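What follows is each chain in one-letter form.
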Amino acid sequence: MKHQPRILSAAKTASCMGAFALIGVSGLGLSAPAQAETLRDALVAVYNTNPTLEGARATQRATDEEVPIQRASGLPSATATATHLEFLRQSANSFTAPERNLGVNAQLQVPIYSGGAVRNGINAAQERIAAGQADLRGTESSVFSQTVAAYMDVLRTEALAQLSANQVEVLRVTFESTSDRFEIGDLTRTDVAQAQSRLAVAEGDLRTAYANMINAQQTYIQLVGRAPMDLEAPPPLPGLPETVGLAVVTALENNPDLIAAKERAEAAGYDTEVAGSGRLPTIGLFANYDYSNFFGTLGGPIASDFQQREATANAGVRITIPIFQGGRPAAQQRQAGARETAALEQVIAAERSVIAQTRSAYSSWAASNAVIESSQTAVEAAELSLEGVRAENSIGNRTIIDVLNAEQELLSARAQLVTARRNAYVAGFTLLAAMGKAEARDLNLDTGGPLYDPQVNADRVGGRFWDWDRDPEAAPNSSRTVDINTSDDLIGPVLNPDEAR
């Protein structure tokens, strides 16, 4: 069914953001879908179908394969080579050369000691898996934060469009009444021009409000994978800290970006050990089997005097001791050590970033809550002011411009309250994300099944060693949005707000 554009009803908006109850819906007359959607519904859809999140999970599964790749260097390996030769031209002095030969060689190699390269390589891979899992947590909370912002932006832009539409109606009535009073000589042409100017500006603001609403809806569709359907009030955010200090302590313990940086630093330490192993001896067992068949062609006219088939086998221990390699191992170890230093510096950088993000988010959240309180006071005062100015204007003590200014002040106060409530919620969720508390496991999302656990795949592939072990063919899991379009319904109102009434 084609999605219909709509603005939230005043009652529902009031339950989400108290200031929204101050406006009506008669100005737009847009129908709303019967099916409502909650923020939890949106987050579940993102969790199950968002391509960024699905891609991050697939990337992590690729990282999981580093453990069996590194372990393979320490496991036995077996190869077999078969070669068939046809001797097309023989030496004129050779009377016993064969015409053809089949050779088969089989080798078995068993590494015993590799200077610690395999062990440290596996350890580095496991640390990078842990880092990747932390990155996956960070991606999840980042996408959730974007979704919350998009959800609140839809609510905000719809409410602001509602306010703009209501303002247009109010100013149209003011303009018409001013024109009528001008006709009877009660007001001047200047009063009419002032009212007309404010009406024209309000109509332009309404077009902008509709355009902003389209942008918010498209961002929502991009993230969630479906159109916003009569969005409900978001639930209270869980676990917000009482102080900024508590927020920082929690973030330093749980922030996924910081955890990932620490794991990568650990992996870089193992890489340094791997690089140094190139100077150490290696020990391995080997076994070879060779089979050769000349098909009765060896020996020419006296082929019967020769053995046409033969097989040999040998086994032994091979010890390789590096003597001089041109300084390559030392350079590789110095290079790895420099990268380890860089990784350790990145831990400090990540820690600084986490502290800054947490403090900034806490400050924005606290400031937005304060703005909400002041905006509520401003709305109440502006309502009383407008009522008084209109009454005084009716008895000639106030001019039309005073009425218009009072109406504009009330609109600005309401818009500020709407925006402050949006900012407070988004900043609060951003704070939870910085603290590492904005993932599906923290929000108790009902995803229709168990939550995605990246460790399950790491355990699944970690011990595999069969060369022909394969996963199903690659295919996307996320949903497309090419068939979702709400813009056609709103382009008309953007170009001509009267179409919305």
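Computed from a predicted structure; not experimentally measured.

What follows deals with the sheet that holds strand β2 (residues 100–113). Taken in spatial order, the four strands of this open sheet run β1-β2-β3-β4, and their pairing is antiparallel. In this open sheet, the two strands that pair with only one neighbour each are β1 (77–86) and β4 (309–320). Taken pair by pair, the neighbouring strands of this sheet meet at an average axis angle of 15 degrees, ignoring direction. Across 12 bridges, the pairing between strand β3 (residues 282–293) and β4 is antiparallel. Counterpart to Thr282 in the pairing with β4 is Thr320.

Contact pair helix α2 (residues 39–49) / helix α6 (residues 189–224): the axes reach a minimum separation of 8 Å and the direction vectors enclose 50 degrees. Taken together, α2 and α6 sit at an angle that is classed as oblique. When α2 is examined against α6, the residues Ala42, Ala45, Val46 and Thr49 are found in contact with a partner set consisting of Tyr220, Leu223 and Val224. For the contact of α2 with α6, the class distribution of residues is six nonpolar, one polar and no charged.

Moving on: the nonpolar core. Considering soluble globular proteins, one finds that nonpolar side chains tend to be buried as a cluster. One finds Phe144, Tyr151 and Tyr220 to be the most contacted residues of the largest nonpolar core, which totals 34 residues. Mapped onto this core, the elements with two or more residues apiece are α2, α3 (51–64), α5 (117–183), α6, α10 (400–434) and α11 (440–443). Per-element accounting of this core gives the leading share, 10 residues, to α5. If near-sequence neighbours (up to four positions away) are discounted, Phe144 is found in contact with Leu43, Val46, Tyr47, Phe429, Ala438, Glu439, Ala440, Leu443 and Leu445. Ala161, Ala165, Val168 and Leu206 belong to the second-largest nonpolar core, a separate cluster that totals 16 residues.

Let us now look at a nonpolar patch on the surface. A cluster of nonpolar residues, Ile112, Tyr113, Leu280, Ile283, Leu285, Val317, Ile319, Ile321, Ile323 and Phe324, forms a patch on the protein surface that exposes about 1000 Å² of accessible area. Looking at the nonpolar patch, the elements that each hand over two or more residues are β2, β3 and β4. As for its placement among the helices and strands, Leu280 is situated in the loop between α8 (256–276) and β3. Under the relative-accessibility criterion, Leu280 is labelled partly exposed at 36%.

To continue, consider unusual backbone geometry. Of note in this structure, Asp230 is not a glycine but carries a positive phi near 50 degrees. Along the chain, Asp230 turns up in the loop between α6 and α7 (244–254).

What follows deals with the confidence of the model for the chain. Put simply, the chain has an average pLDDT of 88, and 90% of its residues get 70 or more. Low pLDDT, under 50, characterises residues 1–34; the stretch is placed with 93 contacts to residues that sit more than four places away or in other chains.

Within the fold, Arg334 resides in helix α9 (residues 328–394). Sequence spacing of Arg334 and Thr272 is 62 residues, and the spatial spacing of their C-alpha atoms is 7.9 Å.

Calculation rules
- Residues numbered from 1 in each chain as written.
- Predicted model: local features only at pLDDT ≥ 70, side-chain atom pairs only at ≥ 80, totals over all residues.
- Heavy atoms only, no water.
- Pairing = 2+ DSSP bridges.
- Helix = DSSP H or I, 4+ residues; strand = E, 2+ residues; numbered from the N terminus.
- Axes fitted to C-alpha atoms, helices over the stretch in contact; angles between N-to-C directions.
- Parallel < 35°, antiparallel > 145°, perpendicular 65-115°, else oblique.
- Contact = heavy atoms within 4.5 Å.
- Nonpolar A, V, L, I, M, F, W, Y, C, P; charged D, E, K, R; others polar.
- Core = buried A, V, L, I, M, F, W, Y, C linked by side-chain atoms within 4.5 Å.
- Buried < 20%, exposed > 50% of the residue type's maximum accessible area, 1.4 Å probe, protein only.
- Patch = residues over 30% accessible without salt bridge, like charges linked within 9 Å, V, L, I, M, F, W, Y side chains within 5 Å.
- Areas by Shrake-Rupley, 256 points an atom, 1.4 Å probe, with all protein chains shown as cover.
- Salt bridge = Lys/Arg side-chain N within 4 Å of Asp/Glu carboxyl O.
- pLDDT = per-residue confidence, 0-100.

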